[in-house]
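Below, each chain spelled out in residue letters.
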Amino acid sequence: MIDVCVIGISGFGDTHYHDLVRGVEHGSVRLLGATVINQDEEVEKCQRLRSLGCELFTDYTEMLERFKGQCDICFIPTGIPLHAVMTVAALQAGANVFVEKPAAATIQEVRAMQSCATEMGRFVAVGFQTMYARETFWMKRAILKQEIGTLQAIKCYALWPRLDNYYTRNNWAGRLKIAGKWILDSPFSNAVAHQLNMLCFLAGSELTRSASLKSIQAELYRGHEIESTDTACLRVLTDTEVPLYFLVTHCSEELAGPEIVVRGDRGEIHWTTHRVTITRANGTHEERECDTGQELRDRLMEHLIHKVSDPDSFVCDLDIAGAHVRSFNGAHESSSIHQLDAPLIQRYSEAGSVKTVIENIDTIIREAFVEEKLFSELNVPWSQPGKIVSLSHYDYFPKD
């Protein structure tokens, strides 16, 4: 059994709350403390936590001080601006950390988290749940064994429309910076971050490591009235010259994806959120269902619990998650955020909010996915190519 604390039980913290309550029910977790700043809004959960012997706090620093040296893992399902500072505070209180994705907004924050973890002799795991799915390692082994031949490219697209209320749900959604602190919220750093992280991981030359990234070229656009980008195409090159294509929008008409294709010279892997198919170089074809829902969350918890007593147990650590941060930091170095002209944008009421659609974006993204090209390489009239940014030894945002 491990002793844990949690900072936040609302928003995505609700998922962590249910993970931990199940852990208590299974006898694998003891909840020491929970920081809940909105206890009047979470009355039922607070009552449940108290019934489990969990102490409640409104200040996470008080909770960490109360259980200093007693907490095995501190769960941090808070907003992007708080990831680094809360992680460092929890590490300094003697706890290991499970922090939500992305690890942080900037690579320098990730480096500070790693340094603190090393100093304190603790680990930091990041909430990329697909890293704990059995099919992820099934795909990775197939790539490393060259079951699809020599790796040629890995690509992902996602048409994930988001209404205006998505950007008003908190004070950092769609923001680049708040009070001088980088946020860099975007589809590829947040909503579809799992898949960009997967691309970097699947391209790695070692089973449990992400790829070393050489460079990135990106094009960033927006249709919503926000600071950051909601529509983008990225091409990341690994140090072995394998291109990783990532194509995403929150301004599509249709909801589709995310979908990943790993292309070899003699076969391919096709991933969706429900199913993975491998077509091998030897002509065989195999399909597996994906780990999803509570099953996947419980597998994640098992990995975290094992890591406390076994340093060699796998978790999605800051090296893996750092490749994701480096890639989206580089994307913002590569391209300005281009506001698309009003004639290209359609806005209309939907589900009590407002939907924003970029003209023909569904077709553009699908074509870019098939052709393995950026928007500007398809000669999309409004596209503007970004510059190529080196990611080798990239350790500070912004570099330029």
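Thresholds, definitions, all that
- Per chain, the residues get numbers from 1 upward, laid out in the order the sequence is written.
- For this predicted model, a pLDDT threshold of at least 70 governs which residues receive local features, and a threshold of 80 or more governs which side-chain atom pairs are given and counted, while totals over whole chains, interfaces and linings are taken from all residues.
- Only hydrogens and water are set aside when side-chain values are computed; all heavy atoms of the structure are taken into account.
- Whenever Lys or Arg places a side-chain nitrogen within 4 Å of a carboxyl oxygen from Asp or Glu, that contact is recorded as a salt bridge.
- Only DSSP runs of H or I with at least four residues qualify as helices, and only runs of E with at least two residues qualify as strands; both kinds are numbered from the N terminus onward.
- Residue burial is assigned from relative accessible area. The probe radius is 1.4 Å, only protein chains are included, and a residue is buried under 20% of its type maximum, exposed over 50%, and partly exposed in between.
- Pairing between strands requires that DSSP locate at least two bridges from one strand to the other.
- Under the convention used throughout, the expected extent of a helix is 1.5 Å for every residue step, that is, one less than its residue count.
- By definition in these notes, contact holds between two residues if any of their heavy atoms fall within 4.5 Å.
- Think of a 1 Å grid over just the protein atoms. A cavity is a set of points where a 1.4 Å probe fits yet cannot get out, a pocket is an open set with protein on both sides within 12 Å along at least five of seven lines, and lining residues have an atom within 4 Å of a point.
- Grid points are joined across faces, edges and corners, and a volume is the space filled by probe spheres set on the points.
- Asp, Glu, Lys and Arg are counted as charged, while Ala, Val, Leu, Ile, Met, Phe, Trp, Tyr, Cys and Pro are counted as nonpolar; the rest, among them Gly, fall into the polar class.
- Domain borders in the structure are assigned automatically or taken from a domain database.

- For the protein chain, an unreviewed UniProt entry supplies the name Oxidoreductase and the organism Dictyobacter alpinus.

## Considerations on the pattern of salt bridges
Thinking step 1. Applying the stated criterion across every chain yields a total of 28 salt bridges.
Thinking step 2. In this structure, Lys181 engages Glu109 in a salt bridge whose closest nitrogen and oxygen atoms are separated by 2.8 Å. Residue Lys181 is found in strand E9 (residues 181-182), and its partner Glu109 is found in helix H5 (residues 107-120); the two are separated by 72 residues along the sequence.
Thinking step 3. Classification of Lys181 as partly exposed rests on a relative accessible area of 32%.
Thinking step 4. Its salt-bridge partner being Arg175, residue Glu227 comes within 3.1 Å of it at the nearest N-O pair. Taken together, the residues span a long stretch of sequence, with Glu227 in the loop between strand E10 (213-222) and strand E11 (231-238) and Arg175 in the loop between strand E7 (151-159) and strand E8 (177-178) at a distance of 52 residues.

## Side note on the pairing of strand E4 (residues 73-76)
Thinking step 1. Residues Ile73 and Phe75 line one face of E4 and the alternating positions Cys74 and Ile76 line the opposite face, and both faces are buried.
Thinking step 2. Sheet topology places strand E1 (residues 2-7) next to E4; three bridges connect them, and they run parallel. Residue pairing for E4: Cys5 is matched across the bridge by Cys74.
Thinking step 3. In terms of strand pairing, E4 meets strand E5 (residues 96-99) through four bridges, oriented parallel. Each residue of the ladder has a partner; that of Phe75, found in E5, is Phe98.

## Looking at helix H1 (residues 13-26)
Thinking step 1. Its 14 residues place the ends of H1 20 Å apart at the C-alpha level, agreeing with the 20 Å of an ideal helix rising 1.5 Å per residue.
Thinking step 2. Those residues of H1 lying buried are Gly13, His16, Tyr17, Asp19, Leu20, Val21, Arg22 and Gly23.
Thinking step 3. On its buried face, H1 sits against E1, strand E2 (29-35), helix H2 (43-51), E4, E5 and helix H9 (293-309).
Thinking step 4. Within two residues after H1, Gly27 carries a phi angle of roughly 80°, on the positive side.

## Overview of the layout of surface pockets
Thinking step 1. When its volume is computed, the largest pocket comes out at roughly 1200 Å³.
Thinking step 2. In terms of lining, the largest pocket is formed by 47 residues, of which the most central are Gly11, Phe12, Gly13, Pro77 and Glu100.
Thinking step 3. At the level of elements, helix H4 (83-92), helix H7 (187-191) and helix H8 (193-202) are the ones that each hand at least two residues to the lining of the largest pocket.
Thinking step 4. In the lining of the largest pocket, the residues fall into 20 nonpolar, 19 polar and eight charged.
Thinking step 5. A domain-level breakdown of the lining of the largest pocket finds at least three residues from each of domain 1 (2-126) and domain 2 (130-390).
Thinking step 6. Reported here for the second largest pocket is a volume of approximately 330 Å³.
Thinking step 7. Forming the boundary of the second largest pocket are 19 residues, of which Ala203, Gly204, Ser205, Glu206 and Ala211 lie nearest the centre.
Thinking step 8. Its residues assigned to classes, the lining of the second largest pocket shows seven nonpolar, eight polar and four charged.

## Observations regarding unusual backbone geometry
With glycine set apart, most residues show a phi of negative sign, and most peptide bonds adopt trans.
Thinking step 1. For the bond from Lys101 to Pro102, the omega torsion is -10°, close enough to zero to count as cis.
Thinking step 2. Locating Pro102 in the fold gives a position in the loop between E5 and H5.
Thinking step 3. A cis amide bond links Gly257 to the next residue, Pro258, at an omega of 0°.
Thinking step 4. Relative to the helices and strands, Pro258 resides in strand E13 (residues 256-264).
Thinking step 5. Residues other than glycine seldom take positive phi values, yet Gln146 does so here, at roughly 55°.
Thinking step 6. Relative to the elements of secondary structure, Gln146 occurs in the loop between helix H6 (134-144) and E7.
Thinking step 7. The class for Gln146 is partly exposed, based on a relative accessible area of 45%.
Thinking step 8. Here the phi dihedral of Ala351 falls at roughly 50°; this positive angle occurs in a residue that is not glycine.
Thinking step 9. Among the secondary structure elements, Ala351 is positioned in the loop between strand E18 (345-350) and strand E19 (353-358).
Thinking step 10. Exposure remark for Ala351: the relative accessible area of 70% places this residue in the exposed category.

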